[in-house]
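Remarks on the overall topology
Now for the letters of each chain:
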Amino acid sequence: MKIAQIAPLFERVPPKLYGGTERVVHHLTEELVRQGHEVTLFASGDSMTSAKLVPCSDMALRLNPAVLDPIPYHMLMLEEVRRQANGFDVLHFHIDLLHFPLVRNLAGKTVTTLHGRLDLPDLQPFYAAFPDVPLISISDDQRKPMPPVNWIATVHHGLAPDVLPFTGQPRGDYLAFLGRISPEKRPDRAIEIAARVGMPLKIAAKVDKADAAYWLNEIEPLVRRYPNVEFIGEIDEGQKGEFLGNARALLFPIDWPEPFGLVMIEAMACGTPVVAFRCGSVPEVIDHGVSGFIVDSMEEAVKAVHDLDRLDRHTVRATFDRRFTARRMADDYLDLYRALAGGAQRVLPIHAANESGAGPGSTRVA
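Summarised in this report is the structure supplied together with it.

Cut-offs applied
- Residues numbered from 1 in each chain as written.
- Predicted model: local features only at pLDDT ≥ 70, side-chain atom pairs only at ≥ 80, totals over all residues.
- Heavy atoms only, no water.
- Helix = DSSP H or I, 4+ residues; strand = E, 2+ residues; numbered from the N terminus.
- Buried < 20%, exposed > 50% of the residue type's maximum accessible area, 1.4 Å probe, protein only.
- Contact = heavy atoms within 4.5 Å.
- Pairing = 2+ DSSP bridges.
- Axes fitted to C-alpha atoms, helices over the stretch in contact; angles between N-to-C directions.
- Parallel < 35°, antiparallel > 145°, perpendicular 65-115°, else oblique.
- Nonpolar A, V, L, I, M, F, W, Y, C, P; charged D, E, K, R; others polar.
- Salt bridge = Lys/Arg side-chain N within 4 Å of Asp/Glu carboxyl O.
- Core = buried A, V, L, I, M, F, W, Y, C linked by side-chain atoms within 4.5 Å.
- Expected span 1.5 Å × (residues − 1).
- Arc of directions from axis to C-beta.

Turning our eyes to something else, we now look at the side chain of H157. Turning to its location among the elements, H157 is positioned in the loop between β7 (150–154) and β8 (175–180). Here H157 falls in the buried class, since its relative accessible area comes to 5%. Ignoring sequence-local partners within four residues, the contact set of H157 consists of V24, H115, I138, F260, L262, I265, F324, R328 and M329.

Rendered as structure tokens:
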């Protein structure tokens, strides 16, 4: 198939540092190319890909100090997509909602994966105005706040199986927090859990401008107060395997409707179990008592850390291999692409496919 992948321009594909959406686009694109499809990637000019790259900015916008407004760059990208649209069987958008007015004329050959949170009130009237655009969720929970729209599937994220090495015997006796410093990610909970169980905590996270005050006023004082807490800062892909693999567990103490939580499956790829609060997608990603523990309180989180020896790291990795590889993700998307190309009228969500007897993490065309 001739497939266009349209990525955000905030980070390169794959990201040098933080960047979940661009990382997922990378693994999907590479797997589609590996399977023999003709893939074109619309992304920042510093992206690295086996597909044909259409550079839509010189470099990742977040890392370019000269960029003040990302919208013009995305509009230029959409104009280039429009110009080349007839050359593709399917156009797969990963840029949330910017392209919706454009794709109304192309709806029969487009899919849009929504990667972000959908519970913000400003989004409701927008999505209600575009009930015909084919949408893909990254978890079933992500759909809950939305008005009636054209959901065609849920496709969970996946990663290349060799991107993060399995670590059967971690060298560190510490807990890990990885991602972003923000109120909804609750690094304060991670610090409290580590303090209550008497274990070191290593925090590898970026601090966005929007969260600078939260860092300065809430989290940095806690880091200084507790000698067992080490703030490392933002790490790159090459550092992630060692950081996660040598941890006893990843703490994922979120307090918001997380659409997916890529870091959970990154930890699982390393064999590292996850202790996660029951929010958003967590129950869809973590198999309780197998790849980690799902908790509802600080007391349960503390107990889960004490119970980590009950979990087998080989089983954690096996769960990743069964449910969250890039091949499984690409196969799910290819089912949808082919359904569009064949003019199928309806595609069942993943949970409906499972209820009908299909395997976990799969879709089927009705």
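The next point concerns the pairing of strand β1 (residues 2–6). Most of β1 sits out of view: four of its five residues are buried. Pairing analysis gives five bridges linking β1 to strand β2 (residues 38–43), with the strands arranged parallel. Note on β2: the bridge partner recorded for A4 is T40.

One way to put it is that helix α5 (residues 187–197) packs onto helix α6 (residues 212–225) with a least axis distance of 10 Å and a crossing angle of 10 degrees. By the angle between their axes, α5 is roughly parallel relative to α6. Contacts between α5 and α6 involve P187, D188 and I191 from the first element and Y214, I219, L222 and V223 from the second. Of the residues that constitute the contact of α5 with α6, the class distribution is six nonpolar, no polar and one charged.

Side chains that differ in sign of charge can pair as their charged atoms come close. On inspection of all chains with the given rule, the structure shows 30 salt bridges. Between K206 and D208 there is a salt bridge; the shortest N-O distance is 3.0 Å. One connected set of salt bridges, linked through shared partners, spans R23, E237, K240 and E266.

To continue, consider the side chain of S291. Relative to the helices and strands, S291 resides in the loop between α9 (282–285) and β13 (292–295). If we skip the residues at most four places from it in the chain, S291 touches M268, P273, V274, V285, I286, V316 and T319.

What follows concerns the nonpolar core. Membership of the largest hydrophobic core comes to 58 residues, with the highest contact counts inside it found for I265, V274 and Y337. Excluding its chain neighbours within four sequence positions, the residues that come into contact with Y337 are M1, I3, Q5, L28, L32, V90, H92 and V111. Counting 31 residues, the second-largest nonpolar core is a separate cluster that includes I181, V197, I203 and A205.

Attention now moves to unusual backbone geometry. In this model, V13 is joined to P14 through a cis peptide bond whose omega is -5 degrees. Along the chain, P14 turns up in the loop between β1 and α1 (20–34).

Time to look at helix α2 (residues 71–84). Note on helix geometry: an α-helix contains 3.6 residues per turn, so any two residues three or four positions apart are oriented the same way. The end-to-end C-alpha distance of α2 is 20 Å, a good match for the 20 Å that 14 residues give at a rise of 1.5 Å each. The complete set of buried residues in α2 reads H74, M77, L78, V81 and Q84. The buried residues of α2 all sit within an arc of 125 degrees when viewed along its axis, so they share a single face. Across α2 from its buried face, at more than 90 degrees, point the exposed residues L76 and R83.

Before going further, it helps to spend a moment on the sheet that holds β8. The strand order β10-β9-β8-β11-β12-β13 describes an open sheet built from six strands, whose pairing is parallel. Edge positions in the sheet fall to β10 (229–231) and β13, since each has one partner strand and no second. If you compare each strand with its neighbour and ignore which way they point, the axes differ by 20 degrees on average. In terms of strand pairing, strand β12 (residues 274–277) meets β13 through four bridges, oriented parallel. Bridge pairing in β13 places A276 opposite I294. Sheet contacts for helix α7 (residues 237–245): β8, β9 (201–206) and β11 (249–252); angle to β8, the most-contacted strand, approximately 145 degrees.

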